[in-house]
Amino acid sequence: MALSGMRGLSVFISDVRNCQNKEQERLRVDKELGNLRTRFKNEKGLTHYEKKKYVWKMLYVYMLGYDVDFGHMEAVSLISAPKYPEKQVGYIVTSCLLNENHDFLRLAINTVRNDIIGRNETFQCLALTLVGNIGGREFAESLAPDVQKLLISSSVRPLVRKKAALCLLRLFRKNPDVVNVDGWADRMAQLLDERDLGVLTSSMSLLVALVANNHEAYWSCLPKCVRILERLIRNQDVPQEYTYYGIPSPWIQVRTMRALQYFPTIEDPNTRRSLFEVLQRILMGTDVVKNVNKNNASHAVLFEALALVMHLDAEKEMMSQCIALLGKFIAVREPNIRYLGLENMTRRLMVTEVQEIIKRHQAQIITSLKDPDTSIRRRALDLLYGMCDVSNAKDIVEELLQYLSTADFAMREELSLKAAILAEKFAPDLSWYVDVILQLIDKAGDFVSDDIWFRVVQFVTNNEDLQPYAALKARSYLDKPATHETMVKVSAYILGEYGHLLTRRPGCSPKEIFLIINEKLPTVSTSTIPILLSTYAKILMHAQPPDKELQSQIWAIFNKYEGCIDSEIQQRAVEYRALSRKGAALTDVLAEMPKFPERQSSLIKKAEDSEADTAEQSAIKLRTQQQASNALVVTDQLPANGTQPVGHLGIVKLPSMSNTDDNTSEQGITRENGILTVIDSQPPSTASLDLLGDLLAPLDIVGPPATTHQSEPSVASGLQSGIGADALAIEPVEDLAKNVQPIGDIAERFNALIVKDSGVLYEDPYIQIGIKAEWRAHHGRLVLFLGNKNVAPLLSVQAMILPPSHLQIELSLVPETIPPRAQVQCPLEVINLRPSRDLAVLDFSYKFGTHVVNVKLRLPVLLNKFLQPISLSAEEFFQQWRSLSGPPLKLQEVVRGVRPMPLAEMINLFNSLRVTVCPGLDPNTNNLVASTTFYSESTRAMLCLMRIETDPADRSQLRMTIASGDHTLTLELKEFIKEQLVNIPIPSTPMPPQPQPISPPTTATSDPGDLLAGLLN
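Analysis parameters
- Residues numbered from 1 in each chain as written.
- Predicted model: local features only at pLDDT ≥ 70, side-chain atom pairs only at ≥ 80, totals over all residues.
- Heavy atoms only, no water.
- Helix = DSSP H or I, 4+ residues; strand = E, 2+ residues; numbered from the N terminus.
- Expected span 1.5 Å × (residues − 1).
- Buried < 20%, exposed > 50% of the residue type's maximum accessible area, 1.4 Å probe, protein only.
- Contact = heavy atoms within 4.5 Å.
- Polar contact = N/O pair within 3.5 Å; in protein donor to acceptor, adjacent residues only side chain to side chain.
- Pairing = 2+ DSSP bridges.
- Axes fitted to C-alpha atoms, helices over the stretch in contact; angles between N-to-C directions.
- Parallel < 35°, antiparallel > 145°, perpendicular 65-115°, else oblique.
- Left-handed = near helix turned anticlockwise from the far one by under 90°.
- Core = buried A, V, L, I, M, F, W, Y, C linked by side-chain atoms within 4.5 Å.
- Salt bridge = Lys/Arg side-chain N within 4 Å of Asp/Glu carboxyl O.

1. Quick look at helix H12 (residues 222-234)
Right, so step 1: Between its first and last C-alpha, H12 extends 18 Å over 13 residues, near the 18 Å set by a 1.5 Å rise per residue.
Right, so step 2: Counting buried residues in H12 gives ten out of 13 residues, a clear majority hidden from the surface.
Right, so step 3: Along H12, the residues that are buried comprise Leu222, Lys224, Cys225, Val226, Ile228, Leu229, Glu230, Arg231, Leu232 and Ile233.
Right, so step 4: Along its buried surface, H12 packs onto helix H10 (185-191), helix H11 (197-213), strand S2 (247-248), helix H13 (250-260) and helix H14 (269-285).
Right, so step 5: One or two positions beyond H12, positive phi appears at Gln236, with a value near 55°.

See the structure below:
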């Protein structure tokens, strides 16, 4: 900032610097701002020189951190000044004080354009700098064509062309739909022949952005990029000013190799051979030296070359050379180089061919776990976790367990989780898995989450052969004088369930097991005491013949906790004491826990959720997304001993970008290391791209049947249910560019979600919207999964919920941009205030290139989501039915136009709607009696009863009777059930059977069918 001739500005800066405290500075600044306001009021009397001086003061005040909310017009007006000093001030201050949406910028567009197309190179550079810094939409619309002409003009000096390339890059990144680059492939190819390295550097940055958006249009640039690398690396054809510590223009090298990584492959053999020769020179010529700056530059080039080698699937010899070089890096003293070596080796794990080569450096990687630098230790842990498989799982897990004792407290939780996941995924046998988890709890109990010991309990429960071994190991850990509370929990649970299997072993009688567990009782917290009480009850049940002394000791403990302030402990103590006095009843109630249902491992799911997908389009990720790989969809863990399998869903290969097919007969099925691997044999296609497959595949997402539909529930209270489903499934606010059409039938997707809690809500060529929901009473939690299916970002993303009056919905913030090939999760909280069939609508819009898509999608938040199935006995049902007499609490209607269906199919429909069909309560086998509970804030838990009378001779009509304690609920539920029977397709997948009635009819009641017929008819 030249201050010559501006004495007032120099004095002001000196005064501010001489202030003793913040208060003095603020007073001096306020005084100066007041003077500036006064001066600007008489703007007509100000010369360009005076404006320049005052605007410099404004900029200095702004740099000090004070708000400057005036003088913007004066700064903009200086842009049109004829002299360079004033014009320079105008451009600098405008770019600092005004953002891209400021209204005053419109006043400067014509002046900026005149400077760009003018002949004064200095003014051109100032204008291009302003446009590049602000990069607004209006600037892009008005000035992008002029900037493009300036870039390709042969009569413009390289300095201006360089700034034009950077300005165009900024405009394209901010507004890719506005800047027209169609047909620019030939122009970019010409720019790559540029001899001036400054212009070439800027043009290469622009090329990286263009090929990242659409590489198909720029194949002609690929051989030019290879020639640039040959020119720099092999021919050393570089001016001295572009040589950095002996490295020819490392910036161009890095950008050129980055651009090459966006092309899937190189078909031309000559071009491929030339490129590999260049890459070989980089690999052979890079070494660690003492000069830090040279190391930084050479390693930047080297790591980009490594990524390019892996991307192009080079020969195995070159890949081995790359990994050997990284192995050399992780063994040097310099911590920064070790870190880079470990980080890049972790990235290379995504390439299957090099995983075995990386294992050769396992010893050195394990050594890095003990490095003084915590960032290196974390990178080593990530690398060990990624490279672990069946062959080295034992060694790696044992090393992690040893390291656990000395690891930083900040790392222990992550370390424990990863060790538990590796032990579960790659266990050679389940006894080894139990050993590992118990050692983990013993060494780092404070950092072991409940999910870990829950999981080992699931394995033990589901594998009978494992139960005696697990009980014996748990017994041995309780002998230690200091036992962590988590170990007490898992040991007490296992011994309570399976301690009786050790009765014949010394020191394992019921009384001895009770005594050793009871020693831990005074040391545990209130959250553990309920588990111990359950264990005592189990021990008492298994003690055969009964031991009076043991019984009295356990009863004394129950008596002690019957007055506990904690309701959970108190209830267990009271109930266990009462049950233990009933003898045989205790055995029935405390029978052995049933096997857990198969489900996804919560540990593996937690690990998958924690692996955040970065917005950076790294070359390896991009290649993985572009290749048609045979990808793993679902894996089920099978124990090595061949017993009952435990639910285990996990990814063991690169995730596929193609849809999974539920028909496993069309898939390849292989068994490998105890893992049942279901492999999709079809290559991905654009139409079937499924970014949500990995997340939703374990949830058994199936498409709805291709049946017709007539009408849907209303979207808002003013809409009638007779409106066509297609009209309500998606409502375009404008023509979807006549090119963006939904994939699949959106109405069918919505209908499938009526009876399911997860699935795909909407899909088009650019985005896929999935949904997953959990419902508890009148609360619901949904997660919207927004998946970008392309290699370019989705911009201007907006989502707004239009809720009906009976729902309270809160949507978390939706990001304005979804990165390429990324997935965004948006939680949604729902509260049901009262019964209603009105639907919430998701108003969703985004922009991709020139396409602006805006759709309204119905959310599957229906009345049945707030139902909870309940099975009633005859006595309970009759009592409630009698109390609900006549309208409006009990409504009856003859429904015509019902889709004919067998009675079993109708039962399946009711079950899928969360309504329990109670068998045996109606004497007519063609009728159905059902019950459910509805939850809302106004009704709380409200019992609903219904009876469906069908005619075997005419399945197209039936009589329906609905009853509840709320007249609004009765009406809404009747209409909802009617709509499902008439309009909505039935799910093709049968639902699991509902539980049988909880209690049999009492002897005082006659035949329940006769009684019900008398009440209903």
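2. Section: the side chain of Glu304
Right, so step 1: Within the secondary structure layout, Glu304 lies in helix H15 (residues 292-311).
Right, so step 2: A polar contact is formed between the side chain of Glu304 and the side chain of Arg258, at a distance of 2.9 Å.
Right, so step 3: Glu304 has contacts with Val254, Met257, Arg258 and Gln261, leaving out every residue within four places of it along the chain.

3. Some points on the sheet that holds strand S12 (residues 841-848)
Right, so step 1: Spatial strand order, S9-S12-S13: three strands in an open sheet with antiparallel pairing. Here the strands that pair on one side only, and so sit at the sheet edges, are strand S9 (795-802) and strand S13 (851-858). Strand-to-strand, the axes of this sheet are offset by a mean angle of 10°, without reference to chain direction.
Right, so step 2: Sheet topology note: the S9/S12 ladder contains six bridges and is antiparallel. If you follow Ile801 over to S12, its bridge partner there is Leu842.

4. Looking at the packing of helix H26 (residues 485-498) against helix H28 (residues 529-542)
Right, so step 1: H28 packs onto H26 with a crossing angle of 20° between their chain directions and a minimal axis gap of 8 Å. What the angle tells us is that H26 and H28 run roughly parallel. Where H26 crosses over H28, the handedness of that crossing is left-handed. Of the residues in H28, those in contact with Val488, Lys489, Ala492, Tyr493, Gly496 and Glu497 of H26 are Ile531, Leu532, Thr535, Lys538 and His542.

5. Focus on the nonpolar core
Right, so step 1: In terms of nonpolar packing, the biggest core is built from 218 residues, with Val112, Leu207, Tyr218, Ile365, Ile517, Leu533 and Tyr536 touching the most fellow members.
Right, so step 2: For Val112, the residues in contact, after removing those within four places along its chain, are Ile79, Tyr91, Ala127, Leu130, Val131 and Leu143.
Right, so step 3: Leu782, Ala840, Leu863 and Leu909 belong to the second-largest nonpolar core, a separate cluster that totals 70 residues.

6. With respect to the pattern of salt bridges
Right, so step 1: Within this structure, the stated rule accounts for 53 salt bridges.
Right, so step 2: Note that Arg195 and Asp237 form a salt bridge whose closest N and O atoms lie 2.7 Å from each other. Of the two residues, Arg195 is situated in the loop between H10 and H11 and Asp237 in the loop between H12 and strand S1 (243-244); the sequence distance between them amounts to 42 residues.
Right, so step 3: Looking at Asp237, the relative accessible area reads 31%, which means it is partly exposed.

7. Topic: the side chain of Thr94
Right, so step 1: With respect to the element layout, Thr94 can be found in helix H5 (residues 84-97).
Right, so step 2: On the accessibility criterion, Thr94 (1% relative accessible area) is buried.
Right, so step 3: At 2.6 Å, the side chain of Thr94 and the backbone oxygen of Gly90 are in polar contact.
Right, so step 4: Excluding residues within four positions of it along the chain, Thr94 makes contact with Ala75, Val76, Ile79, Leu105, Leu130 and Ile134.

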